[in-house]
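Inside the fold
Residue strings, one per chain:
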Amino acid sequence: MTMPLRCLARTAAAGLVAVAALTAAGHTAEAEAADTLGSAAAGQDRYFGAAVAANHLGEADYAATLDREFTSATPENEMKWDATEPSRGSFTFAAADRVVDHAQSRGMDVRGHTLVWHSQLPSWVGTLGAADLRTAMNGHINGLMGHYKGEIHSWDVVNEAFQDGGSGARRSSPFQDRLGDGFIEEAFRTARAADPAAKLCYNDYNTDGVNAKSNAVYAMVKDFRSRGVPIDCVGFQSHFNSASPVPADYRQNLQRFADLGVDVQITELDIEGSGSAQAADYTKVVDACLAVDRCTGITVWGVTDKYSWRSGGTPLLFDGDYRKKPAYDAVLTALGGSGDPGDPGDPTVSCTAAYTRTADWSSGYNGQVTITAGDAPISSWTATVTVPSPQSVSSLWNGTPTWTGNVMTVRPSWNGTLAAGASTSFGFTVAKNGSGAAPTVGGCTAS
Ligand code: G3I
């Protein structure tokens, strides 16, 4: 049942050719302006991608930021073994399909993550004996790659198979422990047969500089290349923070892998920190990739700090309100692009004011004005209320009024600071003095 579903999706995608062409044209137009990450990277013959979570695609700002800035998508969890084959031979692709369909309909490439990994592995895999495990591993690769055949730019075929630390040893896992070192080669051979068009990558972390772990991966890739084991690329996850900073020999390390005849990709970039220090670190990474011809693209591990697996470390390019951070500007600049302060990615500071009458009696009424911040946070607001003659305002709360004739200008008392989209309100009591007419609320201005 799975293939027909994907075939339908492909048919639908074919029906969207016009949309895709428009998107592509949009990217071309943007490439001239190079005012997004994707268009600037395209100007350097590279992609710029993000890890994408299916359950956030319904959030308008999330989807808008993804669609505007990125030219590649990696499902963050949806293609992992526990998500796609929770019980043996029973594949579920709904969440991964959502990410793939979204990306395809917007002209993005998709990175497949990941086929064989010790983590997020359903428990049934760990119970199998060697022969059965080999069959299950190959069955999983065939099931997943078959479903997406022809639709995935690069697959992380094997993920994180080497131990941290100084030994350069393989990591213990059901695959390593039962099948030995050869499981990696077997996974790559199975993957090549399953989808010959996809680039096949080995992907790992703490391999970003020259060290024992990257040396061990390097030796494996060199061996694969010399024996004709199919491998096309090496992914460098690049999760950085103060304990694990961008290595000084990052470029040199990428280059030595590239010199083996494989592409290199930065696959899960995030750098904890903020401000100019974080921006400078991002610049180092982009500069390193641009200095290596075979560094074909960069993926950041999420769209917004709000949903990062390291959200406390604010490691991404957009903050929790989807505002561009200094790190964003640094990446765009390093890619040769240039920001436009007035572009749609920079939400303007704004607010709206809405009036309701909350109580009414024969001699008076209570009015309330709700102030709502626009797409950007605000630190203050001003609203005007014209009170029709002969009415008079007898009291006002949650605001500070000044008067010009019968026009009341209200500023915050304690409630000036609002997050993007957040609201506050002030209220007032009016003596009708014979007129029940409604007041008029003028515009809201924010700073
Ligand atoms: O979706 C469930 C939710 O229903 C439940 O309530 C919640 C309770 O814990 O868990 C949610 O699932 C979490 C999932 O992320 C989605 O948010 C899992 O617990 C959590 O373990 C999982 O973490 C993922 C992690 O891989 C697992 O190893 C991160 O999102 C994901 O960013 C991270 O990605 C890895 C790469 O695949 C490989 N390289 C390292 C990278 C960072 O750890």
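An account of the accompanying structure is given in this report. All values derive from a computational prediction rather than experimental measurement.

**Structural notes on the pairing of strand β2 (residues 72-75)**
Neither face of β2 is open: one carries Ser72 and Thr74, the other Ala73 and Pro75, and all of them are buried. Where strand β1 (residues 47-52) and β2 come together, four bridges link them in parallel fashion. Of the residues in β2, the one forming a bridge with Ala51 is Thr74. In this region the chain leaves β1, passes through helix α4 (residues 60-69) and returns to the parallel neighbour β2; the handedness of that crossover is right-handed. Across two bridges, the pairing between β2 and strand β3 (residues 109-117) is parallel. Following the sheet pairing, Ala73 is matched in β3 by Val110.

**Comments concerning the sheet that holds strand β16 (residues 423-431)**
If you walk across this open sheet you meet the four strands as β10-β11-β16-β13, and the pairing is antiparallel. Sheet topology places β10 (351-361) and β13 (392-397) at the edges, where each strand pairs with a single neighbour. Put simply, the sheet's adjacent strands are angled 25° from each other on average, direction ignored. As paired elements, β10 and strand β11 (residues 364-373) share 10 bridges and run antiparallel to each other.

**Concerning the site of the ligand**
The immediate surroundings of the ligand are formed by 14 residues, with Glu76, Lys80, His113, Glu268 and Trp301 found nearest. With respect to the ligand, the side chain of Glu76 contributes an N or O atom lying 2.4 Å from an oxygen atom. Protein contact buries 44% of the 780 Å² of open area that the ligand shows by itself. Residue composition of the shell around the ligand, grouped by class: three nonpolar, seven polar and four charged.

**Examining the nonpolar core**
Counting 94 residues, the largest nonpolar core has Phe48, Trp155, Val158, Phe188 and Leu317 as its most contacted members. Leave out the neighbours within four places in its chain, and Phe188 touches Val157, Val158, Leu200, Cys201, Tyr202, Phe224, Val229, Pro230 and Ile231. Judged by nonpolar contacts, the second largest core, of 18 residues, contains Ala373, Val385, Val387 and Leu418.

**A look at the environment of Asn253**
Structurally, Asn253 can be placed in helix α12 (residues 250-258). When the C-alpha positions of Asn253 and Thr207 are compared, they lie 8.6 Å apart, and in sequence the two are 46 residues distant. Setting aside residues up to four positions removed in sequence, Asn253 forms contacts with Thr207, Asp208, Gly209, Val210, Ser214 and Phe236.

**Quick look at helix α10 (residues 182-194)**
With 13 residues, α10 ought to run about 18 Å at 1.5 Å a step, and its terminal C-alpha atoms sit 18 Å apart, in line with that. All of the buried residues along α10 are Phe183, Ile184, Glu185, Ala187, Phe188, Thr190, Ala191 and Ala194. Tucked inside the fold, the buried residues of α10 contact β3, α8 (130-147), β4 (154-159), α9 (174-179), β5 (199-204) and α11 (212-227).

**Side note on the packing of aromatic side chains**
For the structure on display, the rule yields 16 aromatic pairs. Ring centres 5.7 Å apart and planes at 10° place the aromatic pair Phe91 and Phe93 in the stacked group. A relative accessible area of 5% places Phe93 in the buried class. Their ring planes at 90° and their centres at 5.9 Å tell us that Phe162 and Tyr202 sit as a pair that is edge-to-face. A residue pair is termed long-range when its members are at least 10 positions apart, and Phe162 in the loop between β4 and α9 and Tyr202 in strand β5 qualify at 40 residues. For the pair formed by Phe162 and Tyr202, the shared burial category is buried. Aromatic rings pair up to connect Trp81, Trp124, Phe175 and Phe183 into one cluster. Taking the ring centre of Tyr218 as reference, the NZ or CZ of Arg256 above it sits at 4.7 Å.

Cut-offs used in this document
Residues numbered from 1 in each chain as written. Predicted model: local features only at pLDDT ≥ 70, side-chain atom pairs only at ≥ 80, totals over all residues. Heavy atoms only, no water. Buried < 20%, exposed > 50% of the residue type's maximum accessible area, 1.4 Å probe, protein only. Helix = DSSP H or I, 4+ residues; strand = E, 2+ residues; numbered from the N terminus. Pairing = 2+ DSSP bridges. Right-handed = clockwise from strand over helix to strand, strands pointing away. Axes fitted to C-alpha atoms, helices over the stretch in contact; angles between N-to-C directions. Near = heavy atom within 4 Å. Polar contact = N/O pair within 3.5 Å; in protein donor to acceptor, adjacent residues only side chain to side chain. Areas by Shrake-Rupley, 256 points an atom, 1.4 Å probe, with all protein chains shown as cover. Nonpolar A, V, L, I, M, F, W, Y, C, P; charged D, E, K, R; others polar. Core = buried A, V, L, I, M, F, W, Y, C linked by side-chain atoms within 4.5 Å. Contact = heavy atoms within 4.5 Å. Expected span 1.5 Å × (residues − 1). Phe/Tyr/Trp six-rings, centres within 6.5 Å; stacked < 30°, edge-to-face > 60°. Lys NZ or Arg CZ within 6 Å of the ring centre and 35° of its normal.

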